[in-house]
Each structure stands twice: as C-alpha cells, then as structure tokens.
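Chain residues, written in single-letter form:
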Amino acid sequence: MLIEGLEINGPEYWEIRHRRESWPRTSAWAMDIVSEQIAPESAVLEVGCGQGAFAALLKQRRMDLDVVAIDISASAIDRAKKTYGDQVDFRVADVFTLKAQIPETFDYIITIQNFEHWTPDRHIPAMRSLWSRLRPGGGVFFTGVGKAWDLTQMNYGPMEYNGQAIMAPNDYHYNNWNEQEVYDLFNNHACKARHVKFWRRRGKDRVVAEATKS
Ligand SMILES: C[S@@+](CC[C@H](N)C(=O)[O-])C[C@H]1O[C@@H](n2cnc3c(N)ncnc32)[C@H](O)[C@@H]1O
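Residues numbered from 1 in each chain as written. Predicted model: local features only at pLDDT ≥ 70, side-chain atom pairs only at ≥ 80, totals over all residues.

**Points about the overall build of the chain**
So, step 1. For the chain, the helix and strand inventory stands at 7 helices and 11 strands.
So, step 2. Counting all 214 residues of the chain, 35% fall into the buried class.
So, step 3. Long-range pairs, those at least 24 residues apart, make up 66% of the contacts in the chain between residues at least 6 apart in sequence. (Helix = DSSP H or I, 4+ residues; strand = E, 2+ residues; numbered from the N terminus. Buried ≥ 20, exposed ≤ 12 C-beta atoms within 10 Å, placed from the backbone. Contact = placed C-beta atoms within 7 Å.)

**Things to note about the sheet that holds strand S10 (residues 193-201)**
So, step 1. The sheet built from 7 strands is open, its strands ordered S5-S4-S3-S6-S7-S11-S10 with mixed pairing. Every other strand in the sheet has two partners, leaving strand S5 (89-92) and S10 as the edge strands with one partner each. Mean inter-strand twist for the sheet, computed between neighbouring axes without regard to direction, equals 20°.
So, step 2. Of the strand pairs in this sheet, strand S3 (residues 43-47) and strand S6 (residues 106-112) are connected by 4 bridges, and their pairing is parallel. By the bridge assignment, Val44 is partnered in S6 with Tyr108.
So, step 3. Each of S3, strand S4 (66-71) and S6 is contacted by helix H3 (residues 53-61), which is oriented at about 175° to S4, the strand it contacts most. (Pairing = 2+ DSSP bridges. Axes fitted to C-alpha atoms, helices over the stretch in contact; angles between N-to-C directions.)

**Focus on the nonpolar core**
So, step 1. Membership of the largest hydrophobic core comes to 48 residues, with the highest contact counts inside it found for Val44, Ala55, Val67, Ala69, Ile109 and Leu130.
So, step 2. Leave out the neighbours within four places in its chain, and Ile109 touches Leu45, Val47, Leu130, Arg133, Leu134 and Val140. (Core = buried A, V, L, I, M, F, W, Y, C linked by C-beta atoms within 7 Å.)

**Focus: the site of the ligand**
So, step 1. Near the ligand there are 18 residues, and of these Trp14, Gly48, Gly50, Ile72 and Val95 occur at the shortest range.
So, step 2. In terms of residue class, the shell around the ligand is built from 9 nonpolar, 7 polar and 2 charged. (Near = placed C-beta within 6 Å. Nonpolar A, V, L, I, M, F, W, Y, C, P; charged D, E, K, R; others polar.)

**Focus on the packing of helix H1 (residues 11-20) against helix H4 (residues 74-84)**
So, step 1. Relative orientation of the contacting elements H1 and H4 amounts to 35°, with a least axis distance of 7 Å. Contact residues: H1 offers Glu15, His18 and Arg19, while H4 offers Ala74, Ser75, Ala76 and Arg79.
So, step 2. Of the residues that constitute the contact of H1 with H4, the class distribution is 2 nonpolar, 2 polar and 3 charged.

**Considering the confidence of the model for the chain**
So, step 1. Chain-level pLDDT for the chain is 85 on average; 83% of the residues reach the 70-or-more range.
So, step 2. Here residues 150-170 scores under 50 on pLDDT; set against residues more than four positions off or in separate chains, the count is 20 contacts. (pLDDT = per-residue confidence, 0-100.)

**Notes on the packing of helix H2 (residues 28-37) against H3**
So, step 1. Between H2 and H3, the least distance of the axes is 11 Å, while the angle of their chain directions is 45°. Looking at the two axes, H2 sits oblique to H3. Here the hand of the crossing between H2 and H3 comes out right-handed. Where H2 abuts H3, its residues Met31, Val34 and Ser35 lie against Phe54, Leu57, Leu58 and Arg61. (Parallel < 35°, antiparallel > 145°, perpendicular 65-115°, else oblique. Left-handed = near helix turned anticlockwise from the far one by under 90°.)

Right, here's the structure in full:
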C-alpha cells in the first residue's frame, strides 16, 4: 500500500512521519504493567520506540533500570534525544537485524504497537530477532491492538476486516490481535516461550503479554 508514493510502514514512510509529527504521548495502560513486572536492576531494550516517550517514562519511574531504545527512523531518535537527553540510550537500529547491530543482550525487551504494522510474513523474523537479544529467563513484553478495538474510534477513517487482517484504505494495520495469535507468535520454529502471561486493557482493545525465554 502506498501513501504519496511511499510503501506504508517502510523506513521512508516512518522517517517522513517522524519528521512531520510530534509524538509526546505514551501508552499509559502498558506502562503500569511493564514498570511493575520488571525485576530490579534489569537491562531493558525497547524496539520501535518512536520518539522515546515510553522508554523515558519507564526510566523516570524505574531509575534502577538500564534502558536502551531503538527505532529505524533517525528523525525519531533525534527527537527522542533532544526531548529526553541521555536518560535512555537511544539508537538508530532495525528490529529485523538486531544481532548485527546491538551487541548486548537484555533481561527484557519491550515492543509497543509495532507488530501490527508489519505484514504477517515479517512477524516471525521480527520475533526471532528479538529472541536473539534476550537472555535466558528473560521476558518479551508485547503490546498490540486487540481485535475488539472499536473501529469507529479510528483516526484514519473506516477499515475493512477480511477475516484475517484489518486493512485501512489509507492506513496501516495489517493485523490486530487476539490472545491465541500472540501465543502462536511466541511459540513457533523461531522461539519457544516457557510461559506466556496476558493482561487485557481498555476492555479487550489492547492486549499486553509477557513471554519468558527458557
Ligand atoms: C506505530 S509506531 C509505534 C511507536 C511507539 N512504540 C509508540 O507506541 O508510540 C511504529 C514505530 O516502529 C518504527 N519502526 C518501523 N519499522 C521498524 C524497524 N524495522 N526497526 C525499528 N523500528 C521500526 C517506526 O519508525 C515507528 O516509530
């Protein structure tokens, strides 16, 4: 799908959005869960961090954590650094090639509303990449938009549901999630979670999960 000749969700698309838009808000409903669940003194990576609000607030709430946050957009990371300084180690990197770009491993990896923007064939490669940077016993926090999301609340106009994916005529969600789909994302040939725990937020319109690596 193209917007102004750009592939939606491709790196140039996000770069243009981050250049044009300011994203000061974060997902408060996920913050409460994540900041309570993470063990003291942990190393944390947030992927697809956008302009950094979630990572910065997490660090403010949990000064004991070491927080690295990455995004593919240089403009997003630039804005994050200008807004939040060096409280968080913000870096430009691609989720799909973390092992080649991020030398460290982490106790926790957080992804907030990123996977629904990738076509389904990219979900397992993304999860494999996250798993490669997760320490044994560590956890991935996944948050996504649930299938019960009230589509009338969309900013982007009406969307169509074709039985597998929700497609917007002018926007960018390929898949909204139920718990089985999130469970399957964590249990496949790329990664096997020892345990997957779910929370629901805002009715059922947001899914939050933590998967633990053996
Ligand atoms: C819908 S936004 C979510 C941003 C943030 N997590 C939030 O909740 O506000 C998706 C983000 O993923 C980033 N992104 C897209 N593809 C990426 C990739 N391959 N590697 C790293 N970041 C990516 C985009 O630049 C964008 O900031």
